[in-house]
Amino acid sequence: MKDFLVRRPLLIGLLLFVLAWVASTWIMSVRSEGKATGRNPAVSGNNKPSVGPRPAVVAPRGIQGLTVDDKHNISADGRPPNARREGIIRTGLGEIQEMQQMNKAVFDDAAKRWNAQPRVKELIAQWKELEEAWKTQEDEAKEVVVPRMDSMWKEALGLLREEVEKAAREADTGVK
């Protein structure tokens, strides 16, 4: 028992030394991780020293003196007219397929009613005229026609969407 009482302070000291070593190792690893990220804890926010004088604030440029060049296409879509036309058609067909998938039960009847509308028939006739003229036109004339084609597709799709929504409402209420 006497040996144990003599060794006890030695064991406690050794235990404290190991705890101090573990704590210092842990603290050093935390500090090295902070340095590895490149962050300096002393410099943050508004404590950064100024690099030099700030540049003077300049008013934004106005449109005075700017001219529009008629030779270049400045529309938001810079693709050639043929690609823009194909994009309009592809987008329109995609929307039609989406409407068909969403309302399969009522789409066919709604499309038949839509196709019978006088405005839709007029839009289809105008589209056919534009398509016939498209084949012989130069790119400049085609660029003028593309926005009209886009608006025609949007109007026709809007009418189809209204007809499909109307048919879906009627199907939900049981009215035919």
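The model shown is predicted, which means the values in this text are computed figures rather than measured ones.

A word on the packing of helix α2 (residues 81–102) against helix α4 (residues 118–134). Viewed as axis vectors pointing N to C, α2 and α4 meet at an angle of 150°, and their least axial separation amounts to 13 Å. Considering the angle they form, α2 stands roughly antiparallel to α4. Where α2 crosses over α4, the two elements pack in a sense that is left-handed. Residues P81, N82, R85 and I89 of α2 touch α4, and the partners they reach there are W127, E131 and W134. Looking at side-chain class alone, the contact of α2 with α4 contains four nonpolar, one polar and two charged residues.

Mapping E163 onto the fold places it in helix α5 (residues 139–173). Overall, the relative accessible area of 9% leaves E163 in the buried class. With sequence-adjacent residues up to four places away left out, E163 is seen in contact with A110, R113, W114 and Q117.

Moving on, we get to the layout of surface pockets. Reported here for the largest pocket is a volume of approximately 210 Å³. For the largest pocket, the full set of lining residues is I96, W114, V120, L123, I124, W127, M152, W153, A156, L157 and L160. Looking at the lining of the largest pocket residue by residue, the class counts come to 11 nonpolar, no polar and no charged.

Here the focus is helix α3 (residues 104–115). The terminal C-alpha atoms of α3, which comprises 12 residues, lie 17 Å apart, in line with the 16 Å expected from a rise of 1.5 Å per residue. Of all the positions in α3, only V106, F107, A110, A111 and W114 are classed as buried. The buried residues of α3 occupy an angular sector of 140° when projected down its axis, which confines them to one face. Counted as exposed and oriented over 90 degrees from the buried face of α3: A105 and K112. The inward-facing, buried residues of α3 contact α2, α4 and α5.

Conventions and cut-offs
- Residues numbered from 1 in each chain as written.
- Predicted model: local features only at pLDDT ≥ 70, side-chain atom pairs only at ≥ 80, totals over all residues.
- Heavy atoms only, no water.
- Axes fitted to C-alpha atoms, helices over the stretch in contact; angles between N-to-C directions.
- Helix = DSSP H or I, 4+ residues; strand = E, 2+ residues; numbered from the N terminus.
- Parallel < 35°, antiparallel > 145°, perpendicular 65-115°, else oblique.
- Left-handed = near helix turned anticlockwise from the far one by under 90°.
- Contact = heavy atoms within 4.5 Å.
- Nonpolar A, V, L, I, M, F, W, Y, C, P; charged D, E, K, R; others polar.
- Buried < 20%, exposed > 50% of the residue type's maximum accessible area, 1.4 Å probe, protein only.
- 1 Å grid on protein atoms, 1.4 Å probe; cavity = no way out; pocket = protein on both sides within 12 Å on 5 of 7 lines; lining within 4 Å.
- Points joined across faces, edges and corners; volume = space filled by probe spheres on them.
- Expected span 1.5 Å × (residues − 1).
- Arc of directions from axis to C-beta.

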